Amino acid sequence: MEVLKQFSLEGKVALVTGAAYGIGFAIAEAYAKAGAKIAFNCRSTEHMEKALEEYQKEGIDAKGYICDVTKEDQVKEMVSDIEKSLGTIDILVNNAGIIKRIPMTDMRVDEFREVVDIDLVAPFIVSKAVIPSMIKKGNGKIINICSMMSELGRETVSAYASAKGGLKMLTKNIASEYGKYNIQCNGIGPGYIATPQTAPLREIQPDGERHPFDKFIISKTPAERWGTPKDLMGPAVFLASEASDFINGHILYVDGGILAYIGKQP
Ligand code: NAP
Ligand code: GCO
């Protein structure tokens, strides 16, 4: 069926940052299964080795780089090597990210800066490295992984929410500045997804009860469940494909309805 071909990523080159596991791994897996060649990075050699094994298990010949996305020289070297070995990057997913859950007045400035560096400054660094080749090629897709915290605050996540709120606006600004070169920049705002990043919020309590935050999220989610990385695969393919060529500067929330819902009455 013709319309389904719009979702193909056949022949495309995709860089997914921080895709050793979690959401990034699922997105990279989806892109590979939609036909793209995959490059990914992380900081840890141990994570890299495990990730390459996992990609192999899925039949995916992913090219992995040890690269800290906050270091511009490492990013430039990685992008240059990808362009030499796989070709110009057609799709960039700024996925790498961290969170520190610390009450703001207890948080050190360097801790705040580390979160903002990885979650906001790094997407600027990596996007800046890939846009010139996208302009030359005449097309490109940039997808920034935002968050519920691009829209909402909560206790202990001041740095993360500030970064993800900024990432929403960086997304809109890249869309505004580079849309004329047929580059689309959009965001995905996952809800609460079961990955290592949220594992502390789902730990079973000593009394065998679910974590209070786990119960809280279930009460705030119309779908009455946590998301999984697989829930992000289809939306990510859509925003990377020609099916979304006239969508620009949009944040697609994949949250089971959290942002639409006041929450279950206690
Ligand atoms: P995760 O499980 O903690 O994975 C994070 C990945 O990023 C790892 O591969 C990590 O590998 C890499 N990374 C971290 N800092 C890096 C750096 N400086 N340079 C390169 N790689 C780096 O996280 P996740 O839950 O999959 O989340 C992925 C993205 O989705 C993040 O941006 C997160 O904020 C966002 N998000 C998550 C949720 C959720 O509920 N899980 C919801 C909304 C948004 P190394 O440590 O080896 O570098
Ligand atoms: C938290 C969670 C969230 C999720 C995600 C929600 O501590 O509240 O880690 O921040 O990671 O960003 O969209």
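What counts as what
Residues numbered from 1 in each chain as written. Chains lettered and ligands numbered in written order. Predicted model: local features only at pLDDT ≥ 70, side-chain atom pairs only at ≥ 80, totals over all residues. Heavy atoms only, no water. Domains from an automatic or database assignment. Buried area = accessible area lost by both parts, 1.4 Å probe. Salt bridge = Lys/Arg side-chain N within 4 Å of Asp/Glu carboxyl O. Helix = DSSP H or I, 4+ residues; strand = E, 2+ residues; numbered from the N terminus. Buried < 20%, exposed > 50% of the residue type's maximum accessible area, 1.4 Å probe, protein only. Axes fitted to C-alpha atoms, helices over the stretch in contact; angles between N-to-C directions. Left-handed = near helix turned anticlockwise from the far one by under 90°. Contact = heavy atoms within 4.5 Å. Nonpolar A, V, L, I, M, F, W, Y, C, P; charged D, E, K, R; others polar. Phe/Tyr/Trp six-rings, centres within 6.5 Å; stacked < 30°, edge-to-face > 60°. Lys NZ or Arg CZ within 6 Å of the ring centre and 35° of its normal.

A. Representation of the domain arrangement of the chain within the structure. Assigned domains within the chain: domain 1 (9-191 + 232-257) and domain 2 (195-226). The gap between the C-alpha centroids of domain 1 and domain 2 is 26 Å. Roughly 660 Å² is buried in total at the junction of domain 1 and domain 2, and carbon and sulfur atoms are behind 62% of that figure. Among the residues domain 1 hides against domain 2, the three largest losses belong to Arg101, Arg154 and Gly256. Together they make up 54% of the total.

B. A look at the pattern of salt bridges. Applying the stated criterion across every chain, the model contains 17 salt bridges. Glu54 serves as the salt-bridge partner of Lys50, at 2.8 Å between the closest nitrogen and oxygen. Pair noted here: Lys50 and Glu54 are both in helix 3 (residues 45-57), with a separation of four residues, about one helical turn. Overall, Lys50 belongs to the partly exposed group, its relative accessible area being 47%. Among the salt bridges present, the one from Arg225 reaches Asp231, with a minimum N-O distance of 2.8 Å. In this structure Arg225 comes out as partly exposed when scored by relative accessible area, which is 42%. Asp231 gets classed as partly exposed once you look at its relative accessible area, which sits at 27%.

C. Local environment of the packing of helix 4 (residues 72-85) against helix 5 (residues 109-137). At a minimum axis separation of 9 Å, helix 4 and helix 5 run at an interaxial angle of 35°. Pair helix 4 / helix 5 crosses with right-handed handedness. Across from Glu72, Val75, Val79 and Glu83 in helix 4, the residues of helix 5 making contact are Ile125, Val126, Lys128, Ala129, Val130 and Ser133. Of the residues belonging to the contact of helix 4 with helix 5, the class tally is six nonpolar, one polar and three charged.

D. Up close: the environment of Ala34. Along the chain, Ala34 falls in the loop between helix 2 (22-33) and strand 2 (37-42). It is 38 Å that separates the C-alpha atoms of Ala34 and Glu111, two residues lying 77 residues apart in sequence. Setting aside residues up to four positions removed in sequence, Ala34 forms contacts with Phe7, Ser8, Leu9, Glu10 and Val237.

E. Quick peek at the packing of aromatic side chains. Counted under the stated rule, the structure contains seven aromatic pairs. Centre to centre, the rings of Tyr192 and Trp226 are 5.7 Å apart; their planes meet at 90°, and the pair counts as edge-to-face. Note that Tyr192 is positioned in the loop between strand 6 (183-190) and helix 7 (212-220) and Trp226 in the loop between helix 7 and helix 8 (233-240), a separation of 34 residues in sequence. Assigned by exposure class, Tyr192 and Trp226 land together as buried. Taken together through their ring pairs, the aromatic side chains of Tyr192, Phe213, Phe216 and Trp226 make up a single cluster. One Lys or Arg, Arg202, reaches over the ring of Trp226 and ends 5.3 Å from the middle of that ring.

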